Amino acid sequence: MSGTEHLDVRREGATLVLTLNRPEARNALSLPMLVGLHDGWTEADADDSVRSIVLTGAGGSFCAGMDLKALAGDDGMAGQHYRDRLKADPDLHWKAMLRHHRPRKPVIAAVEGYCVAGGTEILQGTDIRVAGESATFGLFEVARGLFPIGGSTVRLPRQIPRTHALEMLLTGRPYPAPEAAAIGLVGRVVPDGAALSTALEIAERVNACGPLAVEAVKASVYENAGLPEAEALAAELKRGWPIFDTADAKEGARAFTERRPPRFRRE
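Overview of the structure. (Residues numbered from 1 in each chain as written. Predicted model: local features only at pLDDT ≥ 70, side-chain atom pairs only at ≥ 80, totals over all residues. Heavy atoms only, no water.)

## Comments concerning the sheet that holds strand β6 (residues 128–132)
Strand pairs in the sheet, formed through backbone hydrogen bonds, run parallel or antiparallel to each other. In space, the six strands of this open sheet follow the order β1-β2-β3-β4-β6-β9, with mixed pairing throughout. Strands with a single pairing partner mark the edges of an open sheet, and in this sheet they are β1 (7–12) and β9 (188–190). Between one strand and the next, the sheet's axes are offset by a mean angle of 20°, whatever the strand orientation. In this fold helix α1 (residues 31–46) packs onto β1, β2 (15–20), β3 (52–57) and β4 (107–111), with an angle of close to 175° to the strand it touches most, β2. (Pairing = 2+ DSSP bridges. Helix = DSSP H or I, 4+ residues; strand = E, 2+ residues; numbered from the N terminus. Axes fitted to C-alpha atoms, helices over the stretch in contact; angles between N-to-C directions. Contact = heavy atoms within 4.5 Å.)

## A closer look at unusual backbone geometry
With a phi angle near 50°, A117 is a residue other than glycine that sits in the positive phi range. Here A117 shows up in the loop between β5 (114–116) and α5 (118–123). For R266, which is not a glycine, the phi torsion comes out positive at approximately 60°. Among the structural elements, R266 can be located in the segment after α12 (247–258). Take R266: its relative accessible area is 18%, and that puts it in the buried class. (Buried < 20%, exposed > 50% of the residue type's maximum accessible area, 1.4 Å probe, protein only.)

## Focus: the packing of aromatic side chains
The geometry of two aromatic rings is summed up by the distance between their centres and the angle between their planes. Overall, the coordinates contain one aromatic pair when judged by the stated rule. Directly above the ring of W94 sits R99, whose terminal nitrogen or CZ lies 5.2 Å from the centroid. Against the face of Y175 rests R173, its NZ or CZ located 3.8 Å from the ring centre. (Phe/Tyr/Trp six-rings, centres within 6.5 Å; stacked < 30°, edge-to-face > 60°. Lys NZ or Arg CZ within 6 Å of the ring centre and 35° of its normal.)

## Remarks on the pattern of salt bridges
On inspection of all chains with the given rule, the structure shows 16 salt bridges. With its nearest N and O atoms 2.7 Å apart, the salt bridge here joins D127 to K218. Within this pair, whereas D127 is found in the loop between α5 and β6, its partner K218 is found in helix α10 (residues 211–223), the two being separated by 91 residues in sequence. Residue D127 is classed as partly exposed on the basis of its relative accessible area, which comes to 23%. Of the charged contacts in the structure, one is a salt bridge between E251 and R254, with a shortest N-O distance of 3.4 Å. In this pair, E251 and R254 both sit in helix α12, three residues apart, roughly one turn of the helix. For R254, a relative accessible area of 41% gives the class partly exposed. Sharing partners across several salt bridges, the network here consists of D48, R104, E215 and R266. (Salt bridge = Lys/Arg side-chain N within 4 Å of Asp/Glu carboxyl O.)

## Thoughts on the packing of α1 against helix α3 (residues 80–88)
Running from amino to carboxyl end, α1 crosses α3 at an angle of 60°, the nearest separation of the two axes being 9 Å. As far as their axial angle goes, α3 and α1 are oblique. When the axes of α1 and α3 are compared, the crossing they make is left-handed. When α1 is examined against α3, the residues L31, P32, V35, H38 and D39 are found in contact with a partner set consisting of Y82, R83, R85 and L86. Looking at side-chain class alone, the contact of α1 with α3 contains five nonpolar, one polar and three charged residues. (Parallel < 35°, antiparallel > 145°, perpendicular 65-115°, else oblique. Left-handed = near helix turned anticlockwise from the far one by under 90°. Nonpolar A, V, L, I, M, F, W, Y, C, P; charged D, E, K, R; others polar.)

## Digging into the sheet that holds strand β7 (residues 136–138)
Pairing within the open sheet is mixed, and its three strands lie in the order β5-β7-β8. Each edge of the open sheet is held by one strand with a lone partner, namely β5 and β8 (175–176). Where β7 and β8 come together, two bridges link them in antiparallel fashion. Looking across to β8, one finds that F137 is bridged to Y175.

By themselves, these are just geometric observations and shouldn't be taken as functional.
See the structure below:
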């Protein structure tokens, strides 16, 4: 897998690490970066050897939001190839930001520094979130007379209590990492500089589990989130029962009995 000039892509075992790489702009989203993210999600889902994805940023920041000039290709940085990609798929940037695209592999965010505006919006498309203690979050759009159109008015109230979501959406103020954790926007706060290593440790735990089970559990959580409880429980059975018939499920039971690590084969 390859990235773009604003997105680094590398493998750490069964984990695909995507690194936003415009540190001079606090990793503000550019068109090459969005194309790279779109391709990264797509390629990870197509590659069965990838079991998890870690998203992070270079240079001590996660993402400072959308660079509108760079997105439009008016800054001289985006080559014709990237403009052609966006023209061919006008929805590409929303898929890249995980607005209405959900990778089947778990996505773990490792946040240091600024994760604001579009950064906080793309964060909402991730599954597990780790932040350095000095990280800053927030949706600043209303303070600039703008609308957080990356999905935040829909997703944020479904992910954190509505009163906290509305305060974040309507005040446009920054949130330090401990407060972001207290309201449930992130799951862990770690010492500065440790977000990526912690995210990779979580990824390794995910990778050690049965991949068919992991993907089915993730799918069930999201598919059933808006359903009445009775319907959701019925849908959970429909999604979950087939996992018990897999070779991986049998291997997991054998490994437990034999007191050894399981060797899952996605079968």
